[in-house]
Number of protein chains: 4
Amino acid sequence: MARPRRHDPDRRERIVDAALRVVGRDGIAGLSHRTAAAEADVPLGSTTYHFGSLDELLVAALRRTNGVFGRTLRESPELADPDLDLATALARVMGRWLGEDRAELELAYELYLAALRRPALRPVAEEWAGEVRTALAGRTDPATAGALVAMTDGLCLMYLLGGRPYQEEHARTMLARVLGEGSENPAVPLAEAPTEPTGT
Amino acid sequence: MARPRRHDPDRRERIVDAALRVVGRDGIAGLSHRTAAAEADVPLGSTTYHFGSLDELLVAALRRTNGVFGRTLRESPELADPDLDLATALARVMGRWLGEDRAELELAYELYLAALRRPALRPVAEEWAGEVRTALAGRTDPATAGALVAMTDGLCLMYLLGGRPYQEEHARTMLARVLGEGSENPAVPLAEAPTEPTGT
Amino acid sequence: MARPRRHDPDRRERIVDAALRVVGRDGIAGLSHRTAAAEADVPLGSTTYHFGSLDELLVAALRRTNGVFGRTLRESPELADPDLDLATALARVMGRWLGEDRAELELAYELYLAALRRPALRPVAEEWAGEVRTALAGRTDPATAGALVAMTDGLCLMYLLGGRPYQEEHARTMLARVLGEGSENPAVPLAEAPTEPTGT
Amino acid sequence: MARPRRHDPDRRERIVDAALRVVGRDGIAGLSHRTAAAEADVPLGSTTYHFGSLDELLVAALRRTNGVFGRTLRESPELADPDLDLATALARVMGRWLGEDRAELELAYELYLAALRRPALRPVAEEWAGEVRTALAGRTDPATAGALVAMTDGLCLMYLLGGRPYQEEHARTMLARVLGEGSENPAVPLAEAPTEPTGT
DNA sequence: AATGAATGAGCATTCATTCAT
DNA sequence: TATGAATGAATGCTCATTCAT
């Protein structure tokens, strides 16, 4: 199996990387000490040594994911652009995530939602809320920010679960409404709104 | 073990009931042919006979849950009341679900979100969207209905994952905004908005 | 599942057909009342009704296979041709079996060799010997015929198990020797004789 | 059950031994991780630990069998005797195998022929061909050696499958013919040649 | 004569965890 | 400090067979 590695200070990190690849490929249900060890090309005992339980490993994985997504949010050119309104910026970022980053987004949501049943993940899930709040700070009030996050989560899940293509304009409109721009009307004809799956 | 039951036409349904109790108690990860059989007081072979795979059992469970929640939505007095605006009605129903029906709601979301990783559940998850659409039909346009569902999902998950008590007024305000009543202002002071966990 | 078939006198035969397809695809280990029923598009109870045990089904399958191969042997143009010597004719028939009929040949040998461990198949395996004897009758004496069959079986298994391409000339030569044409020399250079696998 | 054996370096080999006993008694169909564990008086987990799949266990069993039979061939006094011609020597060894070693021979052929359906066994089956080739090297050319092995296999299977007693003289004659001693005539009367089952 | 339902036994395999080194 | 060996429990699933219609 694994070649002996005398000095391997990054092993812990490499195991987390491997765990993320496993969850991305087979879901949380596919993650075990064994599968992580195999993916990381590391002896089985090494994973149990660094992570006493699977929850510990999941916590580390979710934290890493949070970090990655938090950074792409904070550093996104759309949010940085002062000429772009917040709804448009968020709708564009969502489009990128649901497009080219779809696998990572799905992975992130799977880990995030796992907190529903795994109390150990709860605090790390809260950290994610903090990352988003930081990114939104100064652009709106806290109450609206919370609703923005809820809308974003709901829309992402809708697109992740359904087979419909992302409709950025619809998202932009609804996010704008949440931001209090109430007279805002959807630019897409209502009859074509994304509430009906196009195919199975 | 189970006494022999030669004639037991409702066995299939009883197994689904048992599966829902198991998932409610231990999560999807705790559901197996064995645990369902034990909970239903039925031989193991009976669960594998009626449900060739765990996915089949999960599909039946999610469908049952959809039916139950769909009915409580359609028959809810709040939605039936023509004098109550939609935002208020939805916010109240959410309040009931997050309050006394919290366990069932958590169960429903766990099954619903499992569709993320289990393609077999996707069509049944779509059915749920249909239930909601039916309940909302005639009260708003499809595009707005989609956003309403997204907002509702996002808020429910936020309260299910975090430890904060439900703030119906905040939900009402944000749902009203989505409905296009843009000048609507939150009735709670912004500083107390539900974006910060109270405990932990 | 299966559409109701009121009058279905050929069902028994269709089940045997299905069983042969299953064994051809997944081996004897893959044959069960269930897999045969599914392949035949027939209710499970129908297979247990017509074939009380798996051995019964295997016997019917082997008998059918024997019949098919016996006929292709008896009716083969090579054996019918009086100008073709027996060794050449047999080597050519083997070539056809190992070539285009390889899957059927493998299936036939699997069923035939199963008699090693399943006494119920022994008499049917003996029937096969009878088929071959009939085909060889009049072309040589019984003792030589027995050796011819042994050589044929041995060569077929060698090619079925190994990855080498069939060498008809080698087979012809060796069958000719068994027939007592002792001065016969192999036409292929001895160094290239098929005793060494060409790949892996 | 098994007493705890902390240090048991030969356990792997003992499991292979047990597997061979199980296959010898009940056939390959009777071999499972469980039956091997029970026969070896070892916990179930021990067999799955040492042999991740049944194929792995079968490979080890076939390899062991090859070794045993290869040695009895190489060290057989008949083949070692320079005054004994090859056909006679081989016919005598076959006689011993079909006589007192019949159970082991049947076991060996069952494992060997299993390679027909189990690709994992193919390379080990090829190893067996190598063992025989080594034993025959120097006594004849490769092409003839291949035919000798085919004839031997075919004859062994004939006797293993049928109920007739071994006729060493017939085998000797036919092996001699394969060796190119073409004028060789069978010493037994042709009418009594072993092509007709004596019983059933 | 034919079949859907039912069931207990068994299967290969994976696993978290323990232990000796 | 790391890790290979070991093990009991559990998993999803298939099966031959029985039984009541």
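Residues numbered from 1 in each chain as written. Chains lettered and ligands numbered in written order. Predicted model: local features only at pLDDT ≥ 70, side-chain atom pairs only at ≥ 80, totals over all residues. Heavy atoms only, no water.

S.K.: Pulling in residues and values, what's your account of the relation of the copies chain B and chain A?
M.R.: Mapping chain B onto chain A calls for a rotation angle of 180° and an axial translation of 0.1 Å; the resulting RMSD is 0.1 Å. The symmetry that links the two subunits is that of a two-fold axis. Looking at the interface residues of chain B, 96% of them are also at the interface in chain A, so both copies use one shared face. (Least-squares fit on C-alpha atoms with pLDDT ≥ 70 in both. Contact = heavy atoms within 4.5 Å.)

S.K.: How would you sum up the side chain of His33 of chain C? Please name residues and give values.
M.R.: Within the secondary structure, His33 of chain C sits in helix 2 (residues 33-40). Overall, the relative accessible area of 18% leaves His33 of chain C in the buried class. (Helix = DSSP H or I, 4+ residues; strand = E, 2+ residues; numbered from the N terminus. Buried < 20%, exposed > 50% of the residue type's maximum accessible area, 1.4 Å probe, protein only.)

S.K.: So, the pattern of salt bridges: which residues are in play, and what are the values?
M.R.: Using the criterion set out here, one finds 52 salt bridges over all chains in the structure. Its salt-bridge partner being Glu13 of chain B, residue Arg64 of chain B comes within 2.7 Å of it at the nearest N-O pair. Separated by 51 residues along the polypeptide, Arg64 of chain B in helix 4 (residues 54-74) and Glu13 of chain B in helix 1 (residues 11-26) bring together distant segments of the chain. The partner of Asp26 of chain D in a salt bridge is Arg25 of chain D, and the shortest N-O contact between them spans 3.2 Å. Residue Asp26 of chain D is classed as partly exposed on the basis of its relative accessible area, which comes to 43%. Here Arg25 of chain D falls in the partly exposed class, since its relative accessible area comes to 48%. In this structure, a network of salt bridges that share partners links the residues Arg21, Arg25, Asp26 and Glu39 of chain A. (Salt bridge = Lys/Arg side-chain N within 4 Å of Asp/Glu carboxyl O.)

S.K.: How would you sum up the protein's contact with DNA strand E? Please name residues and give values.
M.R.: The environment of DNA strand E is formed by 33 residues, the closest being Arg11, Tyr49 and His50 of chain B, Pro43 of chain C together with Leu54 of chain D. When the atoms of DNA strand E within 4 Å of the protein are sorted by group, sugar and phosphate make up 65%. Within the side chain of Tyr49 of chain B, an N or O atom sits 2.7 Å from a phosphate oxygen of DNA strand E. The contact in question runs from a phosphate oxygen of DNA strand E to an N or O atom on the side chain of Ser32 of chain D, over 3.3 Å. When residues of the surface near DNA strand E are traced back to their parent elements, those giving at least two are helix 2 (33-40) and helix 3 (44-50) of chain A, helix 3 (44-50) of chain B, helix 3 (44-50) of chain C together with helix 2 (33-40) and helix 3 (44-50) of chain D. Among the elements that line the surface near DNA strand E, the one with the most residues is helix 3 of chain B, at 4 residues. Grouping the constituent residues of the surface near DNA strand E by class yields 9 nonpolar, 15 polar and 9 charged. (Near = heavy atom within 4 Å. Polar contact = N/O pair within 3.5 Å; in protein donor to acceptor, adjacent residues only side chain to side chain. Nonpolar A, V, L, I, M, F, W, Y, C, P; charged D, E, K, R; others polar.)

S.K.: Go over the protein's contact with DNA strand F, please, and point to the residues and values.
M.R.: Taken together, 31 residues are adjacent to DNA strand F, and Tyr49 of chain A, Ser32 and Leu54 of chain B together with Arg11 and His50 of chain D come closest. Between DNA strand F and Arg11 of chain A there is a distance of 2.8 Å, counted from a phosphate oxygen to a side-chain nitrogen or oxygen. In the model, a phosphate oxygen of DNA strand F is placed 3.3 Å from a nitrogen or oxygen of the Ser32 of chain C side chain. Only helix 3 of chain A, helix 2 (33-40) and helix 3 of chain B, helix 2 and helix 3 of chain C together with helix 3 of chain D provide two or more residues apiece to the surface near DNA strand F. If you tally residues by element for the surface near DNA strand F, the top one is helix 3 of chain D, at 4 residues. A per-class count over the surface near DNA strand F returns 9 nonpolar, 15 polar and 7 charged.

S.K.: An account of the interface of chain B and chain A is needed here, citing residue identities and associated values.
M.R.: On the side of chain A, 46 residues touch chain B, which itself brings 48 residues to the contact. Of the roughly 4000 Å² buried between chain B and chain A on both sides combined, carbon and sulfur atoms contribute 63%. A salt bridge links Glu126 of chain B to Arg164 of chain A; the shortest N-O distance between them is 3.8 Å. Counting residues per element, the ones that place at least two in the side of chain B that touches chain A are helix 1, helix 7 (102-113), helix 8 (122-136), helix 9 (142-161) and helix 10 (168-178) of chain B. Per-element tally for the side of chain B that touches chain A: the top contributor is helix 9 of chain B, with 15 residues. Its residues assigned to classes, the side of chain B that touches chain A comprises 23 nonpolar, 11 polar and 14 charged. (Buried area = accessible area lost by both parts, 1.4 Å probe.)

S.K.: I'd like a rundown of the interface of chain D and chain C, residues and numbers included.
M.R.: Each partner contributes to the interface: chain D provides 47 residues, whereas chain C provides 46 residues. Together chain D and chain C conceal approximately 4100 Å² of surface at their shared face, both sides included; 62% is due to carbon and sulfur atoms. Applying the counting rule to chain D against chain C returns 4 salt bridges. Linking chain D with chain C are 12 residue pairs in polar contact (both at pLDDT 80 or more). Of all the secondary structure elements, the ones that give two or more residues to the side of chain D that touches chain C are helix 1 (11-26), helix 7 (102-114), helix 8 (122-136), helix 9 (142-161) and helix 10 (168-178) of chain D. Looking at the side of chain D that touches chain C element by element, the count peaks at 14 residues for helix 9 of chain D. Tallied by class, the residues present in the side of chain D that touches chain C amount to 22 nonpolar, 11 polar and 14 charged.

S.K.: Would you mind going over the packing of helix 1 (residues 11-26) of chain A against helix 4 (residues 54-74) of chain A in detail, with residue names and values included?
M.R.: All names here are of chain A. The geometry of helix 1 relative to helix 4 is characterised by a closest axis approach of 9 Å and an angle of 85° between their N-to-C directions. In this view, helix 1 runs roughly perpendicular relative to helix 4, as classed from their interaxial angle. Here Glu13, Ile15, Val16, Asp17, Ala19 and Leu20 of helix 1 come into contact with helix 4, specifically with Leu57, Ala60, Ala61, Arg64 and Thr65. Among the residues forming the contact of helix 1 with helix 4, the class breakdown is 7 nonpolar, 1 polar and 3 charged. (Axes fitted to C-alpha atoms, helices over the stretch in contact; angles between N-to-C directions. Parallel < 35°, antiparallel > 145°, perpendicular 65-115°, else oblique.)

S.K.: So what's going on with the domain arrangement of chain A? Which residues, and what values?
M.R.: Residue and element names in this part refer to chain A. Under the domain assignment, chain A is made up of domain 1 (10-52) and domain 2 (61-186). In this structure, domain 1 and domain 2 have C-alpha centres spaced 28 Å apart. Of the roughly 710 Å² buried where domain 1 meets domain 2, counting both sides, 66% is carbon and sulfur surface. Contact with domain 2 buries surface across domain 1, with Leu20, Val23 and Ile28 losing the most and accounting together for 66% of the total. Across the domain 1-domain 2 interface, the total number found is 3 residue pairs in polar contact (both at pLDDT 80 or more). Taken together, the residues of the side of domain 1 that touches domain 2 break down into 4 nonpolar, 2 polar and 2 charged. (Domains from an automatic or database assignment.)

S.K.: Let's hear about helix 1 of chain A: which residues, and what values?
M.R.: Residues and elements named next belong to chain A. Here helix 1 contains 16 residues, and its C-alpha end-to-end distance of 22 Å stays within 8% of the 22 Å for a straight helix at 1.5 Å per residue. Within helix 1, the full set of buried residues consists of Arg11, Ile15, Val16, Ala18, Ala19, Leu20, Val22 and Val23. Contact partners of the buried residues in helix 1: helix 2, helix 3, helix 4 and helix 7 (102-114). Backbone geometry just after helix 1 places Gly27 at a positive phi near 80°. (Expected span 1.5 Å × (residues − 1).)

S.K.: Let's hear about the packing of helix 9 of chain D against helix 10 of chain D: which residues, and what values?
M.R.: Residues and elements named next belong to chain D. Direction vectors running N to C along helix 9 and helix 10 enclose 155°, while the axes themselves pass 9 Å from each other. In this view, helix 9 runs roughly antiparallel relative to helix 10, as classed from their interaxial angle. For the pair helix 9 and helix 10, the sense of crossing is right-handed. Contact residues: helix 9 offers Thr144, Ala147, Leu148, Met151, Thr152, Leu155 and Tyr159, while helix 10 offers His170, Ala171, Met174, Leu175 and Val178. The residue inventory of the contact of helix 9 with helix 10, partitioned by class, reads 9 nonpolar, 3 polar and no charged. (Left-handed = near helix turned anticlockwise from the far one by under 90°.)

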